[in-house]
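Topology and contacts: notes
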Amino acid sequence: MSDFINVVGESPFYKGTKIRMWLASNLIGKVYPVYAEKGSDGEYWECKPSHKNAEVVSYLVADHNGNEYYCDAEELKKIGIKNQSSNTKIGFRRNEKGKIEKM
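Quick look at the structure, then. Sequence positions are assigned chain by chain, starting from 1 and proceeding in written order. Two thresholds apply to this predicted model, a pLDDT of at least 70 for residue-level local features and 80 or more for giving and counting side-chain atom pairs, whereas whole-chain, interface and lining totals are computed over all residues. To obtain the side-chain values, all non-hydrogen atoms of the structure were used and water was disregarded.

A tally of helices and strands in the protein yields 1 helix and 8 strands. Helix and strand definitions here come from DSSP, where helices need a minimum of 4 consecutive H or I residues and strands a minimum of 2 consecutive E residues; each element is numbered from the N-terminal end. Along the protein, helices and strands appear, N-terminal first, in the series β-β-β-β-β-β-α-β-β. Within the protein, the proportion of its 103 residues that are buried is 36%. Considering only intrachain contacts with a sequence separation of at least 6, the fraction spanning at least 24 residues in the protein is 49%. The rule is simple: take the accessible area with a 1.4 Å probe, protein chains only, and divide by the maximum for that residue type; under 20% is buried, over 50% is exposed, in between is partly exposed. Two residues qualify as a contact provided that any one of their heavy atoms is within 4.5 Å of a heavy atom in the partner residue.

Shown next, in the form of structure tokens:
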């Protein structure tokens, strides 16, 4: 197992800017799948897992301090968490308005 995973999170230097960084696996408190539906315009919109066209598009990782990051299934495999859904599109994150965008 790896000691670190690559995540996307808030830059400590530039507020409002997302950057890729390494997070120590022992800091991870929770991991949530992010579900979205692809609209007719090609954009992804967050939805409930029970939605008819719901897909896992990314994972929200929360550390023990409540900071939130996004990562993909390959990074989670490094710490023993395996993707359980077969129809995933990894590499997306939810922005502040609830819209799903590519990382």
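Let's pick the thread back up.
Criterion for a salt bridge: a side-chain nitrogen of Lys or Arg within 4 Å of a carboxyl oxygen of Asp or Glu. For the structure on display, the rule yields 3 salt bridges. Between K77 and E74 there is a salt bridge, with its nearest N and O atoms 3.3 Å apart. Of this pair, K77 and E74 both sit in helix α1 (residues 73-77), separated by 3 residues, roughly a single helical turn. Owing to a relative accessible area of 44%, K77 belongs among the partly exposed residues under this scheme. The partner of E75 in a salt bridge is K78, with the nearest N and O atoms 3.1 Å apart.

With that settled, consider the layout of surface pockets. The way it works is a 1 Å grid over only the protein atoms, where trapped points that fit a 1.4 Å probe form a cavity and open points with protein on both sides within 12 Å along at least five of seven lines form a pocket, and then any residue with an atom within 4 Å of a point lines it. Grid points are joined across faces, edges and corners, and a volume is the space filled by probe spheres set on the points. A volume near 240 Å³ is recorded for the largest pocket. Taken together, V8, G9, E10, K18, N67, E68, Y69, Y70, R93, R94, N95 and E96 make up the lining of the largest pocket. At the level of elements, β1 (4-10), β6 (68-71) and β7 (92-94) are the ones that each hand at least two residues to the lining of the largest pocket. Per-class residue counts for the lining of the largest pocket are 3 nonpolar, 3 polar and 6 charged. Throughout this entry, Asp, Glu, Lys and Arg are counted as charged residues, while Ala, Val, Leu, Ile, Met, Phe, Trp, Tyr, Cys and Pro are counted as nonpolar. The remaining residues, Gly among them, count as polar.

Turning our attention to the environment of V31. In this structure, V31 sits in strand β3 (residues 28-38). For the pair V31 and L76, spaced 45 residues apart in the sequence, the C-alpha separation amounts to 9.0 Å. Beyond its immediate sequence surroundings of up to four residues, V31 is in contact with Y59, L60, V61, L76 and I81.

All right, on to the nonpolar core then. I5, V7, L23, V61, C71 and L76 are the most contacted members of the largest nonpolar core, which has 13 residues in total. Going through the elements one at a time, β1, β2 (18-24), β5 (55-63), β6 and α1 are the ones with two or more residues in this core. No other element matches the 3 residues that β5 contributes to this core. Setting aside its immediate chain neighbours within four residues, L23 contacts D3, F4, I5, V7, I28, V61 and Y69. Counting residues in each nonpolar core, the second largest holds 8 residues, with Y44, L60, Y70 and I100 among its members. By nonpolar core we mean a set of buried residues, namely Ala, Val, Leu, Ile, Met, Phe, Trp, Tyr and Cys, connected to one another through side-chain atoms within 4.5 Å.

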